[in-house]
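Fold and contact review
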Amino acid sequence: MQEVFTQHLNLSAAELEPILALSLTDLLNSAQIKDVLNSLDVQTLKETLPTAAGVLAERLPPFYNWLKNELGVARVPNSPDHTTKWVIGFVNNQESLTRLVELHRPVPRPALERSVAPLVAAFDGVEDQQIRQKWQKAVAALCLPLVVAAREQERSHLVEA
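Residues numbered from 1 in each chain as written. Predicted model: local features only at pLDDT ≥ 70, side-chain atom pairs only at ≥ 80, totals over all residues. Heavy atoms only, no water.

Moving on: empty space enclosed by the protein. Using the criterion set out here, one finds two cavities of 30 Å³ or more in the structure. Space inside the largest cavity adds up to approximately 50 Å³. Taken together, Val101, His104, Arg105, Val107, Leu112, Leu146, Ala149, Ala150 and Gln153 make up the full set of residues lining the largest cavity. Of all the secondary-structure elements, those providing two or more residues to the lining of the largest cavity are helix H8 (97-104) and helix H10 (129-160). For the lining of the largest cavity, the element with the most residues is H10, which contributes four residues. Residue classes in the lining of the largest cavity are distributed as six nonpolar, two polar and one charged. In this structure, the second largest cavity occupies an estimated 40 Å³ of space. Every residue along the wall of the second largest cavity is listed here: Leu40, Leu45, Val87, Phe90, Val91, Trp135, Ala138 and Leu142. Listing elements by their share of the lining of the second largest cavity, those giving two or more residues are helix H7 (81-91) and H10. Taken together, the residues of the lining of the second largest cavity sort by class into eight nonpolar, no polar and no charged. (1 Å grid on protein atoms, 1.4 Å probe; cavity = no way out; pocket = protein on both sides within 12 Å on 5 of 7 lines; lining within 4 Å. Points joined across faces, edges and corners; volume = space filled by probe spheres on them. Helix = DSSP H or I, 4+ residues; strand = E, 2+ residues; numbered from the N terminus. Nonpolar A, V, L, I, M, F, W, Y, C, P; charged D, E, K, R; others polar.)

Quick look at the structure:
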């Protein structure tokens, strides 16, 4: 997971570790995440949404089966439609990172962290290298707050126990 973030988000391992230790609020207010989000090529992402939708329609069903059967995630979407609509909504500024985190709160941290690399790799088959890299970066950027929130939630549960 760390390798995916360092590779696709242009963060060094030394920069990534403190980011992963932040609270979600601190992450969302941090210069690092703002820089990452601002560096996304939203125009190209919008122009290539049909490509992304095709990739997600093909690659998400096996990914969901893996989450359910291998990682034991109880609630997974029954089709790629919801995820595709959410990604499109995010690219079009209609969905928020906070809402994304809320939707993924039930996913255990280990499963969430193990799912980052396969989700980003879903775009490996996109032939155009620039489009592939832009979508992998976007997906990695969407995964970072999920991991930070899951780690924060796990820490708060440890404190409560």
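Here the narrative resumes, following the displayed structure.
So, about the packing of helix H1 (residues 2-9) against helix H9 (residues 109-121). Put simply, H1 and H9 touch, their axes get as near as 8 Å, and they point 40° apart. For the element pair H1 / H9, the angle class is oblique. Contacts between H1 and H9 involve Val4, Phe5 and His8 on the former and, on the latter, Val116, Ala117 and Val120. Its residues assigned to classes, the contact of H1 with H9 comprises five nonpolar, one polar and no charged. (Axes fitted to C-alpha atoms, helices over the stretch in contact; angles between N-to-C directions. Parallel < 35°, antiparallel > 145°, perpendicular 65-115°, else oblique. Contact = heavy atoms within 4.5 Å.)

This brings us to the environment of His104. By secondary structure assignment, the location of His104 is in helix H8. Between the C-alpha atoms of His104 and Ala150, which are 46 residues apart in sequence, the distance is 8.6 Å.

Attention shifts here to the pattern of salt bridges. Any two side chains of opposite charge can pair, on the condition that their charged atoms come close. Applying the stated criterion across every chain, the model contains five salt bridges. For the salt bridge of Arg99 with Glu102, the shortest nitrogen-to-oxygen distance reads 3.5 Å. Of this pair, Arg99 and Glu102 both sit in helix H8, three residues apart, roughly one helical turn. A relative accessible area of 37% places Arg99 in the partly exposed class. Glu113 is the salt-bridge partner of Arg151, the closest N and O atoms lying 2.6 Å from each other. On the criterion of sequence distance, the pair formed by Arg151 in helix H10 and Glu113 in helix H9 is long-range, its members being 38 residues apart. In this structure, Arg151 and Glu113 share a single accessibility class: buried. Through salt bridges that share partners, Arg109, Glu113, Arg151 and Glu154 make up one connected network. (Salt bridge = Lys/Arg side-chain N within 4 Å of Asp/Glu carboxyl O. Buried < 20%, exposed > 50% of the residue type's maximum accessible area, 1.4 Å probe, protein only.)

On to the packing of aromatic side chains. In this description, an aromatic ring pair is defined by two values, namely the gap between the centres and the angle between the planes. Within the structure shown, the criterion is met by four aromatic pairs. When the centroid spacing of 6.3 Å and the interplanar angle of 50° are considered together, the rings of Phe63 and Tyr64 count as tilted. Neither Phe63 nor Tyr64 differs from the other in exposure class; each is buried. Between Trp86 and Phe90 the ring centres are 5.5 Å apart and the planes differ by 10°, which places this aromatic pair in the stacked class. Separated by four residues within a single helix, Trp86 and Phe90 lie in helix H7, roughly one turn from each other. Residue classification places Phe90 among the buried positions, given a relative accessible area of 15%. Joined through ring pairs, the aromatic side chains of Phe63, Tyr64 and Trp66 make up one cluster. (Phe/Tyr/Trp six-rings, centres within 6.5 Å; stacked < 30°, edge-to-face > 60°.)

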